[in-house]
Amino acid sequence: MEMPLDFATLRVIWWGLLGVLLIAFALTDGFDLGVGALLPFVAKTDEERRMVINTIGATWEGNQVWFILGGGAIFAAWPFVYAVSFSGFYLAMFLVLSALILRPVAFKYRSKRPSPKWRSFWDWCLFIGGFVPALVFGVAVGNVLIGAPFRLDSDLRSFYDGTLLGLFTPFALLCGLLSVTMLVLHGATWLGLKAERGPVQKRAFAIGTVAGLLSLVLFAAGGAWVAFGDLGFRIVSEVDPNGFSNPLRSTVQAASGAWMDNYATWPWMLIAPALGFLGTAAALLGLWRKSEPVAFIGSSAATVGIISTVGLSMFPFILPSSIDPGSSLTVWNASSSHLTLFIMLVVTIIFLPLILIYTAWVYKVLWGRSTTAAIKTNPDLY
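Residues numbered from 1 in each chain as written. Predicted model: local features only at pLDDT ≥ 70, side-chain atom pairs only at ≥ 80, totals over all residues. Heavy atoms only, no water.

**Q** Looking at this structure, I do not really get the overall build of the protein. What am I missing?
**A** The helix and strand tally for the protein stands at 14 helices and 6 strands. A globule of 382 residues ought to have a C-alpha radius of gyration of about 21 Å, and the protein, at 21 Å, matches this closely. By its C-alpha atoms, the protein is 65 × 45 × 35 Å across when sized along the principal axes. For the protein, the proportion of its 382 residues judged to be buried stands at 51%. In the protein, the share of contacts with a sequence separation of at least 24, taken over all contacts with a separation of at least 6, comes to 80%. (Helix = DSSP H or I, 4+ residues; strand = E, 2+ residues; numbered from the N terminus. Rg over C-alpha atoms; globule rule 2.2 N^0.38 Å. Buried < 20%, exposed > 50% of the residue type's maximum accessible area, 1.4 Å probe, protein only. Contact = heavy atoms within 4.5 Å.)

See below:
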């Protein structure tokens, strides 16, 4: 069967689609995580906390579809990546899922009893459900840039030599803190759009301003570390973008500063880090001028720019190996078959627009500010 797109093109398309799904998750469920992390600090009374919860209560479940789609895309399009990452990072994944499981339970049970201690307990569960995934996702990205401690044998069986605590290196923690500040900023700007104007919004803007400034500092520090630190990998053998999928067919070497190579080869990629800095600056300007749309658009642009910077810097690598660079997984050696990628692309072209249309419709129908007055009169709210 001859397909209209060659293998290399399909591989690049699916690399791009994976990035789109991860960015969509960060843009939508990202502000849910940010609001959860902000909850104990921006809302002081029970009514204020319920109001904050209801800014995300109507849509948080739907936002998680992007997380599921991202995992499904890795499983179907990049089976080697799925096998290595989900087995090697098992404990980290378990930590994230445990934190995420707290969210639906907290949403449903928090207001079932009037006890202040009961409600405070679930409020802190929502904080954990927001802060921990944001931190661990960032730490995971840091470890991808460093290289994961895995190797493949001649039968392509993967062996992971790392530990959970070993993931939390200084650079990975820097990336984790950047992830937290980025999503806290995003959550603060979301509260600017969805929370009633008043004390909660003012506190969210104050914390968001601090988070935005820290994001700028951490993003710059991370960029300097990548450029001048002992990070990076480079393919030194001939590359066949249309070749069969076998990670061991590539020769890879660790090379300091190699993550900057793509910017020299394709200068247009500098748009991504520029968007990360300019988007954060625009969000800060919006918070300072109390312009909620500008702040939210800026934080959204910053999220897109920061995440895109990682993906574009690493291309064509997806998951390099720190202990055996020759086992590194790239766009050219770790994908599913040509036919599988093509069939999945057809399915995606059909169903992804439907998901986008439905999501846009839901937000349109449920749009509006959450208020403390509504909390007192609407029994259907959290």
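**Q** Can you walk me through the nonpolar core in this structure?
**A** Here is a general trend for soluble globular proteins: nonpolar side chains tend to be buried in one another's company. Grouped together as the largest cluster of nonpolar side chains are 102 residues, with contacts concentrated most on W14, V42, V52, W78, L191, W259 and L329. Among the elements that line this core, the one with the most residues is helix α1 (residues 7–42), at 16 residues. Not counting chain neighbours up to four residues away, the residues in contact with V52 comprise V35, L39, V42, A43, L191 and V200. (Core = buried A, V, L, I, M, F, W, Y, C linked by side-chain atoms within 4.5 Å.)

**Q** Quick question: what am I supposed to make of the side chain of S335 here?
**A** If you trace the backbone, S335 turns up in the loop between β6 (329–330) and α13 (338–365). A distance of 2.9 Å separates the side chain of S335 from the side chain of R11, its partner in a polar contact. If we ignore the near neighbours within four places in the chain, the residues touching S335 are F7, R11, A77, W78, P79, S245 and L341. (Polar contact = N/O pair within 3.5 Å; in protein donor to acceptor, adjacent residues only side chain to side chain.)

**Q** Please clarify how unusual backbone geometry should be interpreted in this entry.
**A** The phi angle of most residues is negative, glycine excepted, and most peptide bonds adopt the trans form. For the peptide bond that leads from F315 to P316, omega is 10°, which places it in the cis range. Its location among the elements puts P316 in the loop between α12 (292–314) and β5 (317–319). Even without being a glycine, L156 presents a positive backbone phi close to 65°. Classification of L156 as partly exposed rests on a relative accessible area of 26%. In this model, K290 sits at a positive phi of 55°, which is unusual for a non-glycine residue. Position of K290 relative to the elements: it lies in the loop between α11 (271–288) and α12.

**Q** Just checking my understanding: could you explain the packing of aromatic side chains for this structure?
**A** Geometrically, a pair of aromatic rings is defined through the distance of the ring centres and the angle of the planes. By the definition in use, this model includes 28 aromatic pairs. Residues F233 and W259 carry aromatic rings whose centres are separated by 5.9 Å and whose planes lie at 50° to one another, so their mutual orientation is tilted. Linking F233 in strand β3 (residues 233–235) with W259 in the loop between β4 (252–254) and α10 (261–265), this pair joins segments that are 26 residues apart in sequence. The residues F233 and W259 share a single accessibility class, namely buried. Measuring from centroid to centroid gives 5.6 Å for W259 and F317, while their planes differ by 75°, and the two rings are edge-to-face. A residue pair is termed long-range when its members are at least 10 positions apart, and W259 in the loop between β4 and α10 and F317 in strand β5 qualify at 58 residues. For the pair shown, W259 and F317 are each scored as buried. Through pairs of rings, three or more aromatic residues link up here, namely F31, W190, F296, Y363 and W367. Above the ring of W367, the side-chain terminus of K194 is found at 5.0 Å from the ring centroid. (Phe/Tyr/Trp six-rings, centres within 6.5 Å; stacked < 30°, edge-to-face > 60°. Lys NZ or Arg CZ within 6 Å of the ring centre and 35° of its normal.)

**Q** Explain empty space enclosed by the protein here, please?
**A** All chains considered together, the criterion is met by 3 cavities of 30 Å³ or more. Around the largest cavity sit D32, V35, G36, L39, V52, I53, I56, R103, F107 and L126, which together line it. When residues of the lining of the largest cavity are assigned to their parent elements, the largest contribution, 4 residues, is made by α1. Of the residues contributing to the lining of the largest cavity, the split by class is 7 nonpolar, 1 polar and 2 charged. Elements that contribute at least two residues to the lining of the second largest cavity include exactly α2 (46–56) and α8 (170–194). It is α2 that provides the largest number of residues to the lining of the second largest cavity, a total of 3 residues. When grouped by side-chain class, the residues that make up the lining of the second largest cavity number 6 nonpolar, 4 polar and 1 charged. (1 Å grid on protein atoms, 1.4 Å probe; cavity = no way out; pocket = protein on both sides within 12 Å on 5 of 7 lines; lining within 4 Å. Points joined across faces, edges and corners; volume = space filled by probe spheres on them. Nonpolar A, V, L, I, M, F, W, Y, C, P; charged D, E, K, R; others polar.)

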